[in-house]
Amino acid sequence: MSNESLANLLKEERRFAPPAELAADANVTAEAYEQAKADRLGFWAEQAKRLTWATEPTETLDWSNPPFAKWFADGELNVAYNCVDRHVEAGNGDRVAIHFEGEPGDSRAITYAELKDEVSKAANALTELGVRKGDRVAVYLPMIPEAAITMLACARVGAAHSVVFGGFSADAVASRIQDADAKLVVTADGGYRRGKPSALKPAIDEAVAKCPQVEHVLVVRRTGQDTAFTEGRDVWWDDIVARQSAEHTPEAFDAEHPLFILYTSGTTGKPKGILHTSGGYLTQAAYTHHAVFDLKPETDVYWCTADIGWVTGHSYIVYGPLANGATQVMYEGTPDTPHQGRFWEIVQKYGVTILYTAPTAIRTFMKWGDDIPAKFDLSSLRVLGSVGEPINPEAWVWYREHIGANKTPIVDTWWQTETGAMMISPLPGVTETKPGSAQRPLPGIAATVVDDEANEVPNGGGGYLVLTEPWPSMLRTIWGDDQRYIDTYWSRFEGKYFAGDGAKKDEDGDIWLLGRVDDVMLVSGHNISTTEVESALVSHPSVAEAAVVGAADETTGQAIVAFVILRGSATEDENLVADLRNHVGATLGPIAKPKRILPVAELPKTRSGKIMRRLLRDVAENRELGDVTTLTDSSVMSLIQTQLPTSS
Ligand code: ATP
Ligand code: MG
């Protein structure tokens, strides 16, 4: 970014107070902010008591060698024991841990007692396959219970898992297996996707051919489709896991023992292998899940729609909810199979009370129409969450109105693969929410917005989001590359973690995320946020979704180019484009008017649903496309290219 801070353009005046009943009985009240402010480390030491330690930690944070943190370093625990066994020991073995809903309509309820047996058997099987403490296991599975069971079994034996989204190409899988040096791969014959079985094993066969260190491939039978099998290397889950004992004694590991490696989504470039460890990670995953969702494990039914291949699936399907003894829904498939009301049908079927999803999904539901959710009984919902991208105010309001019956609080949670758990979010029983703002750092978290010179911006100012104190679930490094860890996150601003996101503070000091710093546009000397221009476009009744980039321009430095997906009813003509430009001008000011507006049928997204603006910038500037390996559908780019006017 240049030496001018982000322009602060969008004004959003709507406010929503927390519901009185929720506030009266909330897990966390405003006092938590005070406690954490008075004694941040004491606050986290207190939260660590949510876990069951084999050896209680006496140290909280060791920051003697920054930016390499150690949390609760002299404590010992077993993460899987914390997520499973202790709930059974506490008498809650009959509580459902996972309501699994397969895409074809098959379902399966797994209690905590059953989960304990399954995880123990899987842990015994991993041991038989030669997996030892300190090893790495690659996981390439559909959204089925075995994914969570495998992750917990790895944690139980002290092997780090590296989950790779089931749908990445063989090359993407191979590079992740090699980078993590995994000796075992756990996969399935296939999973159900859009109404049909979709094979997974062929990609693993191709990947493993390039990875000689892989000793075995453990294969779950999900679809029953024909599957090539390499004798000696491949093992069916049903053959080896089923015959294991359901007894397995969890060993206690150091709090800093590696728990997993996970690659970032690749929105801004080549994915980075993020390393997370055990005690601090689990403490913050469990605390934030308890606080931000107000989880009441006896009565709530929680559903996070993320894929387990993303950090959201790690922290808010597996570790946070299970550490808290939650009952949750796990869904295998896509939101439109067999019909566009599938999510709402699931909410109704299980009486889901807490729903956690992404802005990309919410914008899609808006596009499909209000009448679809209206056909289902969604009255059980009491807290709605959002994660993954800035949520446009119009999408936020739609979510609250059409899914949340105009009463549920919305928690817009900002965090990253690197942060391991939520960092900035409203608290549902405390915060008066503002559509489009993640608002305040959670208790115990120190975040702010700084300018180019690392000075904190005043209220009303914009700049870069930074984290100013270490936090328990922070990444410990980039796997195998300490220098890249230092360079990427800790070098831009001395002593501060640079998140890579632009942000502003409003007049109350609340934080608004404004998109990636790499995506910020510089127009006639003004830094303008992609998020704000996109939100202005989405607030026009003809626009369902928008992606905005800055393209090199001779007169203004960069010019704003907007790619828009129109709503079904809108027609594309000269007037509409002029109308949209004026709408943005009226909402944000003339400086933010896009120079070009291009209606398109699709936008390029990562598999986690985020818009990849860097590819659109490549298109807008007539360049060759950058890394597309984490794109959902690579044909989208050629579709966009053919739709564009040739001279630009
Ligand atoms: P890469 O780092 O490889 O480019 P990525 O950043 O998309 O990929 P993730 O860790 O999955 O990988 O995503 C974290 C990013 O998602 C954040 O840095 C931020 O840009 C965005 N994000 C997540 N939640 C929110 C939110 N509630 N509001 C705004 N942005 C969010
Ligand atoms: Mg990132």
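As shown above, the structure is provided for reference.
Residues numbered from 1 in each chain as written. Chains lettered and ligands numbered in written order. Predicted model: local features only at pLDDT ≥ 70, side-chain atom pairs only at ≥ 80, totals over all residues. Heavy atoms only, no water.

Student: Give me the sheet that holds strand β18 (residues 354–357): which residues, what numbers.
Tutor: One open sheet accounts for 7 strands, arranged β5-β4-β17-β16-β18-β19-β20; its pairing is mixed. Single-partner strands in this sheet number two, and they are β5 (107–111) and β20 (410–412). Taking the axes of each pair of neighbouring strands and ignoring which way they run, one obtains an average angle of 20° across the sheet. Where strand β4 (residues 96–101) meets β5, 5 bridges bridge the pair, whose relative direction is antiparallel. Along β5, the bridge assignment pairs V96 with T111. (Pairing = 2+ DSSP bridges. Helix = DSSP H or I, 4+ residues; strand = E, 2+ residues; numbered from the N terminus. Axes fitted to C-alpha atoms, helices over the stretch in contact; angles between N-to-C directions.)

Student: Pulling in residues and values, what's your account of a negative patch on the surface?
Tutor: A contiguous patch of negative charge, built from D94, E114, D117 and E247, is present on the exposed surface. The topology assignment puts E114 in helix α5 (residues 112–128). (Patch = residues over 30% accessible without salt bridge, like charges linked within 9 Å, V, L, I, M, F, W, Y side chains within 5 Å. Areas by Shrake-Rupley, 256 points an atom, 1.4 Å probe, with all protein chains shown as cover. Salt bridge = Lys/Arg side-chain N within 4 Å of Asp/Glu carboxyl O. Lys, Arg positive; Asp, Glu negative; His and termini not counted. Charge placed at Lys NZ, Arg CZ, Asp CG, Glu CD.)

Student: Can you explain the pairing of strand β9 (residues 190–193)? Please cite residues and give values.
Tutor: Direction of pairing for β9 relative to strand β10 (residues 196–199): antiparallel, over a ladder of 4 bridges. Counted as the bridge partner of G190 is A199 from β10. Connecting the antiparallel pair β9 and β10 is a turn made up of 2 residues, with R194 showing a positive phi of about 55°.

Student: Explain the packing of aromatic side chains to me, using residue names and the numbers behind them.
Tutor: Tallied over the full model, the rule gives 35 aromatic pairs. On the basis of an interplanar angle of 65° and a centroid distance of 6.4 Å, the ring pair of Y485 and W490 is categorised as edge-to-face. The residue whose ring lies beneath R440 is Y33, and the NZ or CZ to ring-centre distance is 3.8 Å. For R492, the ring lying beneath its charged end belongs to Y464, and the centroid distance is 5.1 Å. (Phe/Tyr/Trp six-rings, centres within 6.5 Å; stacked < 30°, edge-to-face > 60°. Lys NZ or Arg CZ within 6 Å of the ring centre and 35° of its normal.)

Student: An account of the site of ligand 1 is needed here, citing residue identities and associated values.
Tutor: In the region of ligand 1, 21 residues are neighbours, and T264, G266, T267, T268 and T417 sit closest. Between T264 and ligand 1, the recorded distance is 2.6 Å, taken from a side-chain N or O atom to an oxygen atom. Contact distances for ligand 1 include 3.3 Å between an oxygen atom and a side-chain N or O atom of K272. Protein chains bury 95% of the 630 Å² of accessible surface belonging to ligand 1 in isolation. The class makeup of the residues in the shell around ligand 1 is 5 nonpolar, 9 polar and 7 charged. (Near = heavy atom within 4 Å. Polar contact = N/O pair within 3.5 Å; in protein donor to acceptor, adjacent residues only side chain to side chain. Nonpolar A, V, L, I, M, F, W, Y, C, P; charged D, E, K, R; others polar.)

Student: Requested: an account of the pattern of salt bridges, with residues and values cited.
Tutor: Going through the model one piece at a time under the given rule, you end up with 40 salt bridges. R136 is paired through a salt bridge with D181; the nearest N and O atoms lie 3.8 Å apart. Of the two residues, R136 sits in strand β6 (residues 136–140) while D181 sits in the loop between α7 (170–180) and β8 (184–188), which places them 45 residues apart along the sequence. Residue class for R136 comes out buried when judged on its relative accessible area of 14%. For D181, a relative accessible area of 41% gives the class partly exposed. Between E545 and K605 there is a salt bridge, with the nearest N and O atoms lying 3.1 Å from each other. One end of the pair, E545, is in strand β28 (residues 543–553); the other, K605, is in the loop between β30 (596–599) and α19 (613–620), and 60 residues separate them in sequence. (Buried < 20%, exposed > 50% of the residue type's maximum accessible area, 1.4 Å probe, protein only.)

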